[in-house]
Amino acid sequence: MTKPNPNPKPNPQADLTRYLQDAREALVWKLEGLSEYDVRRPLTPTGTNLLGLVKHAAGVELGYFGDVFGRPFFRQDPPSWWYTQDTEPNADMWATADESREEIVGLYHRAWEHADSTFAALPLDTVGHVPWWPEERRETTLHHLLVRVIADTHRHAGHADIVRELIDGSVGWGKGASDLPSGDAAWWEAHRARLEHAAREADSRRSAEA
């Protein structure tokens with residue numbers, strides 16, 4: 001019987017792509033079970049919304065893992081709603097009524113496939129050129145961009161966590177998975193009240209010391 005290798009050879013690219021996939025799936029999952037209104041409604045003063053986060057993430061992957069390495073996803077003109085330098089600010093962070101959820105999520109899935117083909121074809125030290133960065137630092141590596149996009153996607157998955165909780169109270173980092181205590185509604189209300197009390201008490205003490 002072959003014994004498992006106690007010291008397997010590190011595979012940085014496999015590690016990086018696994019963490020990217022975790023964030024991708026978490027972001028898309030946050031849309032499940034919601035109405036068209038709820039996936040689009042802005043829940044912060046700057047307009048953060050679930051479908052916009054997915055649209056943005058799709059653009060990030062298509063740009064960094066496609067165009068940057070001479071592997072463009074769009075062989076011709078991109079869709080009319082696609083983000084370009086000539087469009088209005090924040091156009092990649094929200095969906096119009098004409099842009100369907102299926103179209104945007106489907107594009108994000110295709111962006112994964114396109115990015116994964118780039119990962120399979122190129123080693124981590126492959127050099128690419130980012131045309132929208134300042135000229136003096138446009139040259140970078142696939143390794144650098146993978147780390148950058150993992151950080152960006154996990155950050156937006158965290159935004160989606162909060163937005164989804166504000167919509168219907170749903171929490172958890174993945175389907176059927178949660179790292180939160182298993183308290184009921186009364187337990188969480190008491191917990192929140194305890195935090196509110198602690199915050200006010202701390203504020204009162206600092207004000208008294210001032």
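It should be emphasised that the depicted structure is a prediction, and the values quoted were computed from it without experimental measurement.

Could you clarify how one ought to interpret the overall build of the chain in this entry?
Tallying secondary structure elements over the chain gives six helices and two strands in all. The proportion of buried residues among the 210 residues of the chain is 35%. In the form shown here, the chain has an accessible surface area of approximately 13,400 Å², with 53% of it arising from carbon and sulfur atoms.

Looking at this structure, how should I read the side chain of Thr-126?
Its location among the elements puts Thr-126 in the loop between helix H4 (101-121) and strand E1 (127-129). A polar contact of 2.8 Å, which involves the side chain of Thr-126, links it to the backbone oxygen of Pro-123. Discounting chain neighbours no more than four positions away, the residues touching Thr-126 are Phe-69, Thr-140, Thr-141 and Leu-142.

Explanation requested: the nonpolar core in the structure shown.
Burial of nonpolar side chains together is a common tendency in soluble globular proteins. In this structure, Leu-27, Leu-31, Leu-50, Leu-51, Val-54, Val-105 and Tyr-108 are the most contacted members of the largest nonpolar core, which totals 19 residues. The set of elements that each furnish at least two residues to this core consists of helix H1 (12-29), helix H3 (50-64), H4 and helix H5 (142-168). Counting residues per element, this core draws most heavily on H3, which supplies six residues. What Leu-31 contacts, discounting residues up to four positions off in sequence, is Val-39, Leu-50, Leu-51, Val-54, Arg-101, Val-105 and Arg-164. Ranked by size, the runner-up nonpolar core spans 17 residues in total, among them Val-60, Phe-119, Leu-145 and Ile-150.

Help me understand the environment of Arg-71 in this model?
Residue placement: Arg-71 occurs in the loop between H3 and H4. For Arg-71, a relative accessible area of 23% puts it in the partly exposed group. Sequence spacing of Arg-71 and Thr-118 is 47 residues, and the spatial spacing of their C-alpha atoms is 7.8 Å. A distance of 2.8 Å separates the side chain of Arg-71 from the side chain of Thr-118, its partner in a polar contact.

Where do I start with the packing of H1 against H4 in this structure?
Axes are the key here: two packed helices are described by the angle between their axes and the distance separating the axes. Running from amino to carboxyl end, H1 crosses H4 at an angle of 180°, the nearest separation of the two axes being 12 Å. Here H1 is positioned roughly antiparallel relative to H4, judged by the angle of their axes. Seen from H1, the contacting residues are Gln-13, Thr-17, Leu-20, Gln-21, Arg-24, Glu-25, Leu-27 and Val-28; seen from H4, they are Val-105, Tyr-108, His-109, Trp-112, Ala-115, Asp-116, Phe-119 and Ala-120.

Please explain the environment of Pro-123 as it appears in this structure.
One can find Pro-123 in the loop between H4 and E1. When the C-alpha positions of Pro-123 and Thr-141 are compared, they lie 9.3 Å apart, and in sequence the two are 18 residues distant. Leave out the neighbours within four places in its chain, and Pro-123 touches Gln-13 and Leu-142.

Just checking my understanding: could you explain the side chain of Thr-140 for this structure?
Along the polypeptide, Thr-140 turns up in strand E2 (residues 139-141). With sequence-adjacent residues up to four places away left out, Thr-140 is seen in contact with Thr-126, Val-127, Gly-128, Val-130, Trp-133 and Leu-145.

Whenever I open this one, the pattern of salt bridges confuses me. Can you help?
Close approach of charged atoms lets side chains of opposite charge pair. Scanning all chains against the criterion turns up 10 salt bridges. Glu-36 is the salt-bridge partner of Arg-101, the closest N and O atoms lying 3.3 Å from each other. Placement of Arg-101 in helix H4 and of Glu-36 in helix H2 (residues 36-40) is noted, with a sequence separation of 65 residues between them. Between Glu-201 and Arg-205 there is a salt bridge, and its shortest N-O distance comes to 2.7 Å. Note that Glu-201 and Arg-205 are positioned in helix H6 (residues 185-209) at a spacing of four residues, about one turn of the helix.

Can you walk me through H3 in this structure?
In an α-helix, one turn spans 3.6 residues; hence positions three or four apart end up facing the same way. Between its terminal C-alpha atoms H3 stretches 22 Å, which fits the 21 Å expected from 15 residues at 1.5 Å a residue. Within H3, 14 of the 15 residues are buried, which leaves the element mostly enclosed by the surrounding structure. Two or three places before Gly-52, at the opening of H3, Asn-49 has a side-chain oxygen 2.7 Å from that residue's backbone nitrogen.

About the thresholds
- Residues numbered from 1 in each chain as written.
- Predicted model: local features only at pLDDT ≥ 70, side-chain atom pairs only at ≥ 80, totals over all residues.
- Heavy atoms only, no water.
- Helix = DSSP H or I, 4+ residues; strand = E, 2+ residues; numbered from the N terminus.
- Buried < 20%, exposed > 50% of the residue type's maximum accessible area, 1.4 Å probe, protein only.
- Areas by Shrake-Rupley, 256 points an atom, 1.4 Å probe, with all protein chains shown as cover.
- Polar contact = N/O pair within 3.5 Å; in protein donor to acceptor, adjacent residues only side chain to side chain.
- Contact = heavy atoms within 4.5 Å.
- Core = buried A, V, L, I, M, F, W, Y, C linked by side-chain atoms within 4.5 Å.
- Axes fitted to C-alpha atoms, helices over the stretch in contact; angles between N-to-C directions.
- Parallel < 35°, antiparallel > 145°, perpendicular 65-115°, else oblique.
- Salt bridge = Lys/Arg side-chain N within 4 Å of Asp/Glu carboxyl O.
- Expected span 1.5 Å × (residues − 1).

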